[in-house]
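Report on the structure
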Amino acid sequence: MLQEESDLSLIIAQIVQKLKGSNLYSQLERQAWASLQRPEIKLESLKEDIKEFFKISGWEKKLQNAVYSELSVFPLPSHPAAPPEHLKEPLVYMRKAQGSWEKRILKSLNSMCTELSIPLARKRPVGEQKELLNKWNEMGTDEPDLSLFRPVYAPKDFLEVLINLRNPNYENGDSLSFRTHLGLIQVPLKVKDIPELKECFVELGLNIGQLGIDDSTQVPPELFENEHVRIGQKVLAQQDSAAAQQYIRQGSPTALRAELWALILNISSQPEDVLYYEQLKTNVIQHDLLVDSLIYKDVKLTASNDDYYFVFEDYLYQVLLCFSRDTSVLSHFAFNSASPPKSYIRGKLGLEEYAVFYPPNGVIPFHGFSMYVAPLCFLYHEPSKLYQIFREMYVRFFFRLHSISSHPSGIVSLCLLFETLLQTYLPQLFYHLREIGAQPLRISFKWMVRAFSGYLATDQLLLLWDRILGYNSLEILAVLAAAVFAFRAVNLMEVTSLAAAEKKNHLRELKSMSLDDIVKIHGLFWLF
Amino acid sequence: MAGKVKWVTDIEKSVLINNFEKRGWVQVTENEDWNFYWMSVQTIRNVFSVEAGYRLSDDQIVNHFPNHYELTRKDLMVKNIKRYRKELEKEGSPLAEKDENGKYLYLGLCVFHRLMFSVNIPRRPVQPWIMILSHRFKKCVPKDSKTSSFVSQSNKEAYVISLYINNPLLIGGRKFDLRLYVLVSTYRPLRCYMYKLGFCRFCTVKYTPSTSELDNMFVHLTNVAIQKHGEDYNHIHGGKWTVSNLRLYLESTRGKEVTSKLFDEIHWIIVQSLKAVAPVMNNDKHCFECYGYDIIIDDKLKPWLIEVNASPSLTSSTANDRILKYNLINDTLNIAVPNGEIPDCKWNKSPPKEVLGNYEILYDEELAQGDGADRELRSRQGQSLGPRAGRSRDSGRAVLTTWK
């Protein structure tokens, strides 16, 4: 009991510390001072009266939302004597693996830089700055020569690293038993099993209405949809983050989604946020970074060729170029196993005074990165809001999909969860695919790394991301990936090679699949 | 014993031919006995011209109405709509209500607002577009009337001056228009179907209303045939979006009510345009027609009719396109030629709901009249759009006709 109390006070202290530096704090202070003018505030009961005022005026709610936001994002404190790297990642071998992976990426970036004789960063001449400013809304029409650039890495390179992960303290033994994990991931992380998943994702149970399933033609709207919309509107009127997060577990009506996500992520688009975005834009105009070319290349290769997202190509540049320069993103590295790459001013290699983080936000984009932003363009058409939402989604969720960690929502755990589900509940299929050299993870890995963006139709994808926000976890990606295999089990049993399993039709089919199909029609009853 | 349907076409497109072949129909030439002729607009002129003396028999169907140009020629469409409006006004119909500026509240359908005739203007090279900037006649280029040979009397050339929409709705900063397919099986009584899978065609170049950009064909014209030659044309998506994407985007960013209202208005425009030409259409029982409606949406989410095509393009620019057009023809044939059997023009042109495929009933005059014609006027007058018409569902109800 004592331990819990001291944990709680530690958490409270941390959150208070964090919020004290925020804009909300100064706003609250100002409001408190201003409220002294009000007749209902009496000197004798000053504290209670101000508290009451905050409650009525909605400021208490804003504070609640901010606290809730911090709780969702910030990991629980561990032992007080634990060093900061434990907050990033408690397991040593994972930290080491992440460290070497980062070294490889940076090496790749540096060698590209040297080969092409392009500096990592340079200041733009005034003429070029003017030109870029004019073209800001249509950077997509630019056709720079990107043929010499290659993405720094692709998901499949990352998968190879994960496959080779080993815990040096764990001896698997040579003898195969029914416990042997047949998949590619060979680290002993704890992942949820079906009963635990059922408990965790209780709102996805068959007896509870779902959007994306129960608003289809067969079910009359009176039964579920209308009521659900009504509740959603109520939640928005209350401006309560926690309620919104609970609500969205059953999916969000399209018209309410943009606001609900903003509420859950605690994004309110204040003037200073817009200003901050404009400042980032100025940084883009003034300096050119090598990663900019990587971003261009990525967008041109992925989103520009996508049926749904090609329209928003220009927005993607406007978001991603600014993102690269946003140093506020660096704070998430406190709980990310990754660390921002360091670069040195020319000629001062190794001298710490001349070290800078590169890119400024510490995130090197990989092939497909822009697809994290693309679906958001369907919800937000104002660039600074789009930017804020994306940034928050990244520092809460997406970073876990491309860094090596033991976190239950980290990509390693997701892969293991996927493989375990498949091996446990579809052993025949798993074994067959393994025999023909088509390990299921090789097919589903890219789906999970991209959180299914570009692989599902947008309306279905948004329903999926609703659940990510609702449960504050990425585990649903692994569950969905397993469900897709279950859904396609019959066809996949007939396949004789990895290439056949992966062929393009399979991909197009995924895009025409709806969660309705997967969850209701075939074999997912066992999951829920 | 029913024989196989004999088909002819003068349009060599795979989406057509594959559909005929999959039904086991037999290809013949036009000089032989044929049952089904998918013809180009040139040919229909010949078939129904006075000189030809062609008589179609009961087991022959063609894919155009003889005087479809009443709808598809811009100048005639304007004429017909004006006439229709005047008639409604005379009847004292509330549909013909105008606002304080004299603008029609419900019948301001289309882009064109002025019609000019001019005699003996020397022919100039065909320009694809005519523009006025707002209400000033800044730029005015003559249009070569598509079907001028129809005007039998003299060498009149019709000029249509169209109102240029300079505040189009932009998505991702890009201008786009909508292509919707509408099948009409009969004009009197009016029975028409809307294809659920229309698409948006995006410009490859960013839209700016500045005058220097006016000369850039790629910015303003969204027809794929022209966009295809722009440098940025992409062969995977072809610059096209499905209507359901549009709907998702609008609902997410603008809300459900205004989006449903937009789609309601689009259906409204289409039905009104068909009603306007129905009285003058030659409602030949051997005919059906699949039109391509081009619609543009302004930034107040008001739709405007640009034009109607009697021969919408059957060329496919991308793989998705090919699939869409193949299915379009398939569903069209299922409705026009029931059961794929030798047609009998005496049938009541009322297909069962199961064969509609991706079509939905847009307006069925017989059904509507059954429920009382004055319901239409009442519901429109009250500005209420009735129960949600926007959702395209295959529930079997005629969901698109809430304002019967």
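Residues numbered from 1 in each chain as written. Chains lettered and ligands numbered in written order. Predicted model: local features only at pLDDT ≥ 70, side-chain atom pairs only at ≥ 80, totals over all residues. Heavy atoms only, no water.

In this complex, chain A contributes 31 residues to the contact, which on the side of chain B involves 28 residues. For the pairing of chain A and chain B, the buried interface totals around 2500 Å² over both sides, and the portion due to carbon and sulfur atoms is 54%. When residues of chain A are sorted by the area they lose upon contact with chain B, A:Phe310, A:Val311 and A:Phe378 head the list and together hold 24% of the total. One can count 2 salt bridges joining chain A with chain B. A salt bridge links A:Glu313 to B:Arg174, with the nearest nitrogen and oxygen atoms 3.8 Å apart. Of the residues assigned to the side of chain A that touches chain B, the class counts are 13 nonpolar, 8 polar and 10 charged. (Contact = heavy atoms within 4.5 Å. Buried area = accessible area lost by both parts, 1.4 Å probe. Salt bridge = Lys/Arg side-chain N within 4 Å of Asp/Glu carboxyl O. Nonpolar A, V, L, I, M, F, W, Y, C, P; charged D, E, K, R; others polar.)

A few words on the packing of aromatic side chains. Within the structure shown, the criterion is met by 50 aromatic pairs over all chains. Aromatic side chains A:Phe310 and B:Phe202 sit 5.9 Å apart centroid to centroid with 90° between the ring planes, which places their arrangement in the edge-to-face category. Taken as a pair, A:Phe310 in the loop between α14 (290–301) and α15 (313–324) and B:Phe202 in strand β9 (residues 199–202) lie in two separate chains rather than in one. The same class applies to A:Phe310 as to B:Phe202, namely buried. Seen from their ring centres, B:Phe20 and B:Trp25 are 5.7 Å apart, and the 15° between their planes marks the pair as stacked. Residue B:Phe20 shares its accessibility class with B:Trp25, and that shared class is buried. (Phe/Tyr/Trp six-rings, centres within 6.5 Å; stacked < 30°, edge-to-face > 60°. Helix = DSSP H or I, 4+ residues; strand = E, 2+ residues; numbered from the N terminus. Buried < 20%, exposed > 50% of the residue type's maximum accessible area, 1.4 Å probe, protein only.)

What follows concerns the domain arrangement of chain A. Residues and elements named next belong to chain A. Along its sequence, chain A is carved into domain 1 (1–76) and domain 2 (88–141 + 268–395). Facing the 5 residues of domain 1 at the interface are 4 residues of domain 2. Taking both sides of the interface into account, the surface hidden between domain 1 and domain 2 amounts to around 370 Å²; carbon and sulfur atoms contribute 60%. Linking domain 1 with domain 2 are 2 residue pairs in polar contact (both at pLDDT 80 or more), by the criterion used here. (Domains from an automatic or database assignment. Polar contact = N/O pair within 3.5 Å; in protein donor to acceptor, adjacent residues only side chain to side chain.)

All names here are of chain B. The 4 strands lie next to each other as β2-β1-β3-β4, forming an open sheet whose pairing is parallel. Edge positions in the open sheet fall to β2 (26–27) and β4 (61–62), since each of these has one partner strand only. Where strand β3 (residues 36–38) meets β4, 2 bridges bridge the pair, whose relative direction is parallel. Paired with Phe36 across the two strands is Ile61, which belongs to β4. (Pairing = 2+ DSSP bridges.)

Among all positions of helix α8 (residues 155–163) of chain A, only A:Pro155, A:Phe158, A:Leu159, A:Val161, A:Leu162 and A:Ile163 are buried. Its buried side turned inward, α8(A) meets α6 (92–116), α17 (411–425) and α19 (440–449) of chain A.

Bringing the pairing of strand β8 (residues 190–195) of chain B into the picture now. Residue and element names in this part refer to chain B. Within β8, 6 of the 6 residues are buried, leaving the element largely enclosed by the surrounding structure. Residues Leu190, Cys192 and Met194 of β8 are buried on one face, and the alternating residues Arg191, Tyr193 and Tyr195, pointing to the opposite face, are buried as well. Pairing analysis gives 5 bridges linking strand β7 (residues 176–187) to β8, with the strands arranged antiparallel. Bridge pairing in β8 links Tyr187 to Leu190. The loop that links β7 with its antiparallel partner β8 comprises 2 residues. With 5 bridges joining them, β8 and strand β13 (residues 359–364) adopt antiparallel strand pairing. Bridge assignment links Arg191 to a residue of β13, and that residue is Asp364.

Moving on to a negative patch on the surface. Negative charge collects at one region of the surface, where B:Glu32, B:Asp33, B:Asp59 and B:Asp344 lie side by side. Relative to the elements of secondary structure, B:Glu32 occurs in the loop between β2 and β3. (Patch = residues over 30% accessible without salt bridge, like charges linked within 9 Å, V, L, I, M, F, W, Y side chains within 5 Å. Areas by Shrake-Rupley, 256 points an atom, 1.4 Å probe, with all protein chains shown as cover. Lys, Arg positive; Asp, Glu negative; His and termini not counted. Charge placed at Lys NZ, Arg CZ, Asp CG, Glu CD.)

Trans peptide bonds make up the majority, and among non-glycine residues the majority have a negative phi. At the junction of A:Tyr358 and A:Pro359, the peptide bond is cis and its omega measures out at -10° in the coordinates. Here A:Pro359 is to be found in the loop between β4 (355–357) and α16 (383–396). The step from B:Arg188 to B:Pro189 runs through a cis peptide bond, and the omega angle for that step is 0°. Its location among the elements puts B:Pro189 in the loop between β7 and β8. The backbone phi angle of A:Gln239 is positive, close to 55°, even though this residue is not glycine. As for its position among the elements, A:Gln239 is in the loop between α10 (225–238) and α11 (241–247). Non-glycine residue A:Ala451 carries a positive phi angle of around 50°. You can see A:Ala451 is positioned in the loop between α19 and α20 (458–471). Since its relative accessible area comes to 0%, A:Ala451 is described here as buried.

Turning next to the packing of α10(A) against helix α12 (residues 254–264) of chain A. Residues and elements named next belong to chain A. Where α10 meets α12, the axes come as close as 10 Å, and the angle between the chain directions of the two elements is 40°. Taken as axis vectors, α10 and α12 run oblique relative to one another. As α10 runs across α12, the sense of the crossing is left-handed. Counted together, Val229, Gly232, Gln233, Val235 and Leu236 of α10 and Leu256, Glu259, Leu260 and Leu263 of α12 form the full contact between these two elements. Split into classes, the residues belonging to the contact of α10 with α12 amount to 6 nonpolar, 2 polar and 1 charged. (Axes fitted to C-alpha atoms, helices over the stretch in contact; angles between N-to-C directions. Parallel < 35°, antiparallel > 145°, perpendicular 65-115°, else oblique. Left-handed = near helix turned anticlockwise from the far one by under 90°.)

Residue and element names in this part refer to chain A. Remark: helix α2 (residues 23–35) packs on helix α4 (residues 59–73), axes separated minimally by 11 Å, with the N-to-C direction vectors making an angle of 160°. Considering the angle they form, α2 stands roughly antiparallel to α4. Where α2 crosses over α4, the handedness of that crossing is left-handed. Counted together, Leu24, Gln27, Leu28 and Gln31 of α2 and Trp59, Lys62, Leu63 and Ala66 of α4 form the full contact between these two elements. Grouping the amino acids of the contact of α2 with α4 by side-chain chemistry returns 5 nonpolar, 2 polar and 1 charged.

Moving on, we come to the pattern of salt bridges. Residue and element names in this part refer to chain A. Scanning all chains against the criterion turns up 35 salt bridges over all chains. Here Glu128 makes a salt bridge to Arg122, at a shortest N to O gap of 2.9 Å. Under the relative-accessibility criterion, Glu128 is labelled partly exposed at 26%. Arg122 sits in the partly exposed class, given a relative accessible area of 29%. Bridged by salt links that share partners, the residues Arg122, Arg124, Glu128, Asp288, Asp292 and Arg325 form one connected network.

Now for the confidence of the model for chain B. Residues and elements named next belong to chain B. Looking at chain B as a whole, the pLDDT averages 73, with 66% of positions reaching at least 70. Element-level pLDDT for chain B is lowest in strand β5 (residues 112–119), with a mean of 40, against a maximum mean of 95 in helix α7 (residues 243–254). Ignoring residues within four places in sequence, the model shows residues 113–158, a span with pLDDT below 50, making 81 contacts including any to other chains. This complex was scored by the predictor with a pTM of 0.84 and an ipTM of 0.88. (pLDDT = per-residue confidence, 0-100.)

Bringing the nonpolar core into the picture now. In terms of nonpolar packing, the biggest core is built from 211 residues, with A:Phe390, A:Ile411, B:Tyr187, B:Leu274 and B:Tyr291 touching the most fellow members. Here the element with the most residues in this core is helix α21 (residues 475–487) of chain A; it accounts for 11 residues. Beyond its immediate chain neighbours, meaning those up to four positions away, B:Tyr187 contacts B:Phe65, B:Leu71, B:Leu274, B:Val277, B:Ala278, B:Met281, B:Asn283, B:Tyr291 and B:Glu365. Counting residues in each nonpolar core, the second largest holds 30 residues, with B:Ile11, B:Ile335, B:Leu356 and B:Tyr359 among its members. (Core = buried A, V, L, I, M, F, W, Y, C linked by side-chain atoms within 4.5 Å.)

For the rest of this paragraph, the subject is the confidence of the model for chain A. Considering every residue of chain A, the mean pLDDT works out to 85; 88% of them sit at 70 or more. A low-confidence stretch, residues 521–528 of chain A (pLDDT under 50), is modelled with 25 contacts involving residues beyond four sequence positions or located in other chains.

In this section: the pairing of strand β1 (residues 6–9) of chain B. Residue and element names in this part refer to chain B. Across 2 bridges, β1 lies against β2 in parallel orientation. Paired with Lys6 across the two strands is Val26, which belongs to β2. Each parallel crossover has a hand, and for β1 linked through helix α1 (residues 14–22) to β2 it is right-handed. Pairing of β1 with β3, which is carried by 3 bridges, proceeds in the parallel orientation. Within the sheet, the bridge partner assigned to Thr9 lies in β3 and is Trp38. (Right-handed = clockwise from strand over helix to strand, strands pointing away.)

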